[in-house]
Amino acid sequence: MAYKTIIVEIDDHVALIRLNRPDALNALNSTLLGELAQAVTEAEGNDKVRCLVITGSEKAFAAGADVKEMAEKSFVDVFVTDLFGRQVNAIERCRKPIIAAVSGYALGGGCELALMCDFIIASDSAKFGQPEINLGVVAGIGGTQRLTRLVGKSKSMEMHLTGRFMDAQEAERSGVVSRVVPAKKLVEEAMSAANKIAEKSQIATLAVKEAVNRSYETTLSEGILHERRLFHALFATEDQKEGMSAFLDKREPQFRDK
Ligand code: HXC
């Protein structure tokens, strides 16, 4: 499918989605978010794809929702159409792992999009921020919730209330990103992580994603019970037999997603 605002490449078992509105620093307008939602849905439905990577340009992952598109909208416009709700749901619902590869600005909705992914690999030039306060609004696709869970109330409040940006080193220290790599190697590193994930049993991969995400939604004891039942359930798979015998035989496992 030909897209106007994103570029999608399927490289072996990985769908690499590049946000591509260079003139607007990849600002998220409804076309881009619609295309992104469609590309994620297609990748999820494509049996060949086992992991997704979302990236932007070296200067900007995404500088937020498109202010030009939003400026004249009324409450009724955004409420009745549930602005961005449908597109975001499609990304949040994806069961396959999604890595955000972030370089440059990840601001407002751009920061929230990165936080929506399963983990973030950042370049040393990455800058995260929730500057919606400067526009007289607040985050709208999860920033006040996800950032707070990651960095705690104090830092999240400061970022949302002052609009200050966090650099890559602070983001790594604060647990926002899994690691920081040189800008030139960002996509290569993200693709390498995605390819590593693609080699695993997909059944176990889906279970990991479900179990970790459960920790946001439930109590500790319920989350641990859910994890244990998934662990038990995986003993019903051929991949568990293969993984454990390969370890004992000192060879690489050949997972078959069965
Ligand atoms: C529309 C944007 C944009 C945005 C940048 N541009 N961010 N257009 N929406 N969010 C456009 C600029 O208007 C400009 O276009 C071009 O991209 C280059 O930007 P400059 O400002 O000239 O670049 P620079 O001086 O390097 O500054 C970079 C920047 C700044 C610090 C990232 O652009 C900036 O502050 N952007 C806005 C960030 C922001 O407030 N994001 C939150 C948005 S609200 P022209 O045509 O003038 O050359 C939001 C709500 C989320 O995200 C809730 C639900 C999704």
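Residues numbered from 1 in each chain as written. Predicted model: local features only at pLDDT ≥ 70, side-chain atom pairs only at ≥ 80, totals over all residues. Heavy atoms only, no water.

**Student:** Would you explain the sheet that holds strand E4 (residues 60-62) in this entry?
**Tutor:** Adjacent strands of a sheet form backbone hydrogen bonds with each other and so pair up, either parallel or antiparallel. Taking strand neighbours across the sheet as the criterion, the four strands line up as E4-E6-E8-E9 in an open arrangement whose pairing is mixed. Sheet topology places E4 and strand E9 (166-167) at the edges, where each strand pairs with a single neighbour. Judged from the three bridges that link them, strand E6 (residues 105-107) and strand E8 (residues 127-129) form a sheet pairing that is parallel. Within E8, the residue paired with Tyr 105 across the bridge is Lys 127. (Pairing = 2+ DSSP bridges. Helix = DSSP H or I, 4+ residues; strand = E, 2+ residues; numbered from the N terminus.)

**Student:** So what exactly am I meant to see when it comes to the site of the ligand here?
**Tutor:** Lining the immediate environment of the ligand, one finds 23 residues, of which Lys 59, Ala 63, Ala 65, Val 67 and Gly 109 sit closest. The separation between a nitrogen atom of the ligand and a polar main-chain atom of Ala 63 is 2.9 Å. Interatomic distance of 2.8 Å between a backbone N/O atom of Gly 109 and an oxygen atom of the ligand. When isolated, the ligand has an accessible area of 1,000 Å², and the protein chains bury 66% of it. Counting residues per element, the shell around the ligand draws most heavily on helix H2 (residues 67-70), at three residues. Of the residues that constitute the shell around the ligand, the class distribution is 13 nonpolar, four polar and six charged. (Near = heavy atom within 4 Å. Polar contact = N/O pair within 3.5 Å; in protein donor to acceptor, adjacent residues only side chain to side chain. Areas by Shrake-Rupley, 256 points an atom, 1.4 Å probe, with all protein chains shown as cover. Nonpolar A, V, L, I, M, F, W, Y, C, P; charged D, E, K, R; others polar.)

**Student:** Where do I start with the sheet that holds strand E2 (residues 14-19) in this structure?
**Tutor:** On the basis of which strands lie adjacent, the open sheet formed by six strands has the order E1-E2-E3-E5-E7-E10 and mixed pairing. The open sheet has two edge strands, strand E1 (6-11) and strand E10 (179-181), and neither has a second partner. Across this sheet, the average inter-strand angle for adjacent strands is 20 degrees, counted without regard to direction. Pairing of strand E5 (residues 98-102) with strand E7 (residues 119-123) involves four bridges; the strand directions are parallel. Looking at E7, one finds that Ala 100 is bridged to Ile 120. (Axes fitted to C-alpha atoms, helices over the stretch in contact; angles between N-to-C directions.)

**Student:** Teacher, can you tell me more about the pattern of salt bridges here?
**Tutor:** Close approach of charged atoms lets side chains of opposite charge pair. Evaluation of the coordinates by the stated rule reveals 14 salt bridges. Of the charged contacts in the structure, one is a salt bridge between Arg 50 and Asp 257, with a shortest N-O distance of 2.7 Å. With Arg 50 in the loop between helix H1 (30-45) and strand E3 (51-55) and Asp 257 in the segment after helix H12 (238-248), the pair connects residues that are 207 residues apart, well separated along the chain. Between Glu 58 and Lys 184 there is a salt bridge, with its nearest N and O atoms 3.2 Å apart. Pair noted here: Glu 58 is in the loop between E3 and E4 and Lys 184 is in the loop between E10 and helix H9 (186-198), with a separation of 126 residues, a long-range link. (Salt bridge = Lys/Arg side-chain N within 4 Å of Asp/Glu carboxyl O.)

**Student:** Even after reading the chapter, I still don't get H1, so can you show me in this structure?
**Tutor:** Since one α-helical turn is 3.6 residues long, residues separated by three or four positions face the same way. Counted at 1.5 Å a residue, the expected span for H1 with its 16 residues is 22 Å, and the 22 Å between its end C-alpha atoms agrees. When H1 is considered as a whole, its buried residues turn out to be Leu 32, Leu 33, Glu 35, Leu 36, Ala 37, Ala 39, Val 40 and Ala 43. The elements touched by buried residues of H1 are E1, E2, E3, helix H4 (85-92), E5 and helix H5 (109-116). (Expected span 1.5 Å × (residues − 1). Buried < 20%, exposed > 50% of the residue type's maximum accessible area, 1.4 Å probe, protein only. Contact = heavy atoms within 4.5 Å.)

**Student:** Sorry if this is basic, but what is going on with the packing of aromatic side chains here?
**Tutor:** The geometry of an aromatic ring pair comes down to the distance between the two centres and the angle between the two planes. This structure, assessed with the given rule, holds three aromatic pairs. On the numbers, 5.1 Å between centres and 15 degrees between planes, the contact of Phe 75 with Phe 79 is stacked. Separated by four residues within a single helix, Phe 75 and Phe 79 lie in helix H3 (residues 75-80), roughly one turn from each other. By the burial criterion, Phe 75 is exposed, and Phe 79 matches it. Look at Phe 231 and Phe 235: their rings are 5.2 Å apart centre to centre, the planes differ by 85 degrees, and that puts the pair in the edge-to-face class. Since its relative accessible area comes to 48%, Phe 231 is described here as partly exposed. The exposure class assigned to Phe 235 is partly exposed, which follows from its relative accessible area of 36%. The residue whose ring lies beneath Lys 127 is Tyr 105, and the NZ or CZ to ring-centre distance is 5.4 Å. (Phe/Tyr/Trp six-rings, centres within 6.5 Å; stacked < 30°, edge-to-face > 60°. Lys NZ or Arg CZ within 6 Å of the ring centre and 35° of its normal.)

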